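Residue-level structural notes
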Amino acid sequence: MERLLLSVRMFLKMPLWLLVLLGCTASVQAGEGSLSLQELQVAPRVTIAGALRPEAVARLRATNAVVVDMRQGEEGATEEGRAMAAAGVDWIALPQDGGVPASADVQLLGQLLAARPDQPVVLHCASGNRAGKLWAAYRINSGVPVESAIAEVASIVTRAPLLDAIRQYSSSEEP
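Read on for an overview of the structure.

Thresholds, definitions, all that
Residues numbered from 1 in each chain as written. Predicted model: local features only at pLDDT ≥ 70, side-chain atom pairs only at ≥ 80, totals over all residues. Heavy atoms only, no water. Helix = DSSP H or I, 4+ residues; strand = E, 2+ residues; numbered from the N terminus. Buried < 20%, exposed > 50% of the residue type's maximum accessible area, 1.4 Å probe, protein only. Contact = heavy atoms within 4.5 Å. Pairing = 2+ DSSP bridges. Axes fitted to C-alpha atoms, helices over the stretch in contact; angles between N-to-C directions. Salt bridge = Lys/Arg side-chain N within 4 Å of Asp/Glu carboxyl O. Phe/Tyr/Trp six-rings, centres within 6.5 Å; stacked < 30°, edge-to-face > 60°. Polar contact = N/O pair within 3.5 Å; in protein donor to acceptor, adjacent residues only side chain to side chain. Expected span 1.5 Å × (residues − 1). Arc of directions from axis to C-beta. Left-handed = near helix turned anticlockwise from the far one by under 90°. Nonpolar A, V, L, I, M, F, W, Y, C, P; charged D, E, K, R; others polar.

This brings us to the overall build of the chain. The number of helices and strands found in the chain is 8 helices and 5 strands. Here the chain holds 175 residues, and the buried ones make up 41% of them. The long-range fraction of contacts in the chain, counting pairs at least 24 apart against all pairs at least 6 apart in sequence, stands at 66%.

Right, here's the structure in full:
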């Protein structure tokens, strides 16, 4: 039993890029008590998620999380913003489409993370694809190699056009 616990502890301490290299992927199958049906923790305080479950509001409020919604208004973002505000949850709209992430949006995400260093952040859209795309662009902007940034979000960014958009962002940001 001790040997098993030691193995599990070692596994949990491995960086995500190493787990991907070893053929392991972070699960996006969310269980009971999760925020969304698709959920991936990409940093100790940053989670990428698909559409949030109604019962997630209490957890978000209890953890003092800030929600960054990347859906368009017609996808329900406006209504969610009102519901989050009524529940006392910080909510920010940062709508994304399937194209190359805008540099201004990537910089805004970086400023948000820097301004709230101790606050959990949930980046979400309908499926997690657009949220993962913006996270990967942020990581590239932070100096992470393109393929490593893509590997971090590979289990949630599953649409080829969005992976292409991440690579195009990288090319557009090169000096």
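Here we come to the sheet that holds strand β4 (residues 90-93). Sheets are built from strands that pair by backbone hydrogen bonding, the pairs being arranged parallel or antiparallel. Taken together, the 5 strands give an open sheet; going across it, the order is β1-β2-β5-β3-β4, and neighbouring strands pair in mixed fashion. The open sheet is flanked by β1 (39-43) and β4, the only strands paired with a single partner. Averaged over neighbouring strand pairs, the angle between their axes works out to 20 degrees when direction is ignored. Examined bridge by bridge, strand β3 (residues 66-69) and strand β5 (residues 121-124) share 4 bridges and lie parallel to one another. Within β5, the residue paired with Val 67 across the bridge is Val 122. Lying over the sheet, helix α6 (residues 129-141) contacts β1, β2 (46-49) and β5, oriented at roughly 145 degrees with respect to β2.

Before going further, it helps to examine unusual backbone geometry. With a phi angle near 60 degrees, Asn 64 is a residue other than glycine that sits in the positive phi range. Residue classification places Asn 64 among the partly exposed positions, given a relative accessible area of 48%.

Another aspect to go through is the pattern of salt bridges. Applying the stated criterion to the full structure yields 7 salt bridges. Among the ionic pairs, Glu 152 bridges to Arg 139, the shortest N-O distance being 2.8 Å. Linking Glu 152 in helix α7 (residues 146-153) with Arg 139 in helix α6, this pair joins segments that are 13 residues apart in sequence. Accessibility expressed as a relative area gives 10% for Glu 152, which makes it buried. Glu 147 serves as the salt-bridge partner of Arg 167, at 3.1 Å between the closest nitrogen and oxygen.

Attention shifts here to the packing of aromatic side chains. What the rule picks out here adds up to 1 aromatic pair. For the pair Trp 135 and Tyr 138, a centre-to-centre distance of 5.2 Å together with 40 degrees between the ring planes defines the contact as tilted. With Trp 135 and Tyr 138 both in helix α6 and 3 residues apart, the pair spans about one turn of that helix. Taken as a pair, Trp 135 and Tyr 138 share a single burial class, namely buried.

Here we take up the side chain of Glu 80. Along the polypeptide, Glu 80 turns up in helix α4 (residues 77-87). Relative accessible area serves as the criterion here: at 13%, Glu 80 is assigned to the buried category. Within polar-contact distance, the side chain of Glu 80 engages the side chain of Arg 71 at 3.1 Å. Contacts of Glu 80, omitting those with residues within four sequence positions, involve Leu 52, Val 67, Asp 69, Arg 71, Trp 91 and His 124.

Because each turn of an α-helix spans 3.6 residues, side chains separated by three or four positions end up pointing in the same direction. Between its first and last C-alpha, helix α5 (residues 103-115) extends 18 Å over 13 residues, near the 18 Å set by a 1.5 Å rise per residue. Taken together, the buried positions of α5 are occupied by Asp 105, Val 106, Leu 109, Gly 110, Leu 112 and Leu 113. Buried residues of α5 fall within an arc of 160 degrees about the axis and therefore sit on the same side. Exposed residues on α5 whose side chains face more than 90 degrees from its buried face are Ala 104, Gln 111, Ala 114 and Ala 115.

Helix-helix packing is described using two parameters, namely the angle between the two axes and the distance between the axes. Taken N-terminus to C-terminus, the directions of α6 and α7 make an angle of 145 degrees; their axes are 9 Å apart at the nearest point. Every pair of crossing elements has a handedness; the one defined by α6 and α7 is right-handed. On α7, the residues touching Gly 132, Trp 135, Ala 136, Arg 139 and Ile 140 of α6 are Val 146, Ala 149, Glu 152 and Val 153. Here the residues of the contact of α6 with α7 sort into 6 nonpolar, 1 polar and 2 charged.

Treat this as a map of the structure, not an account of what it does.
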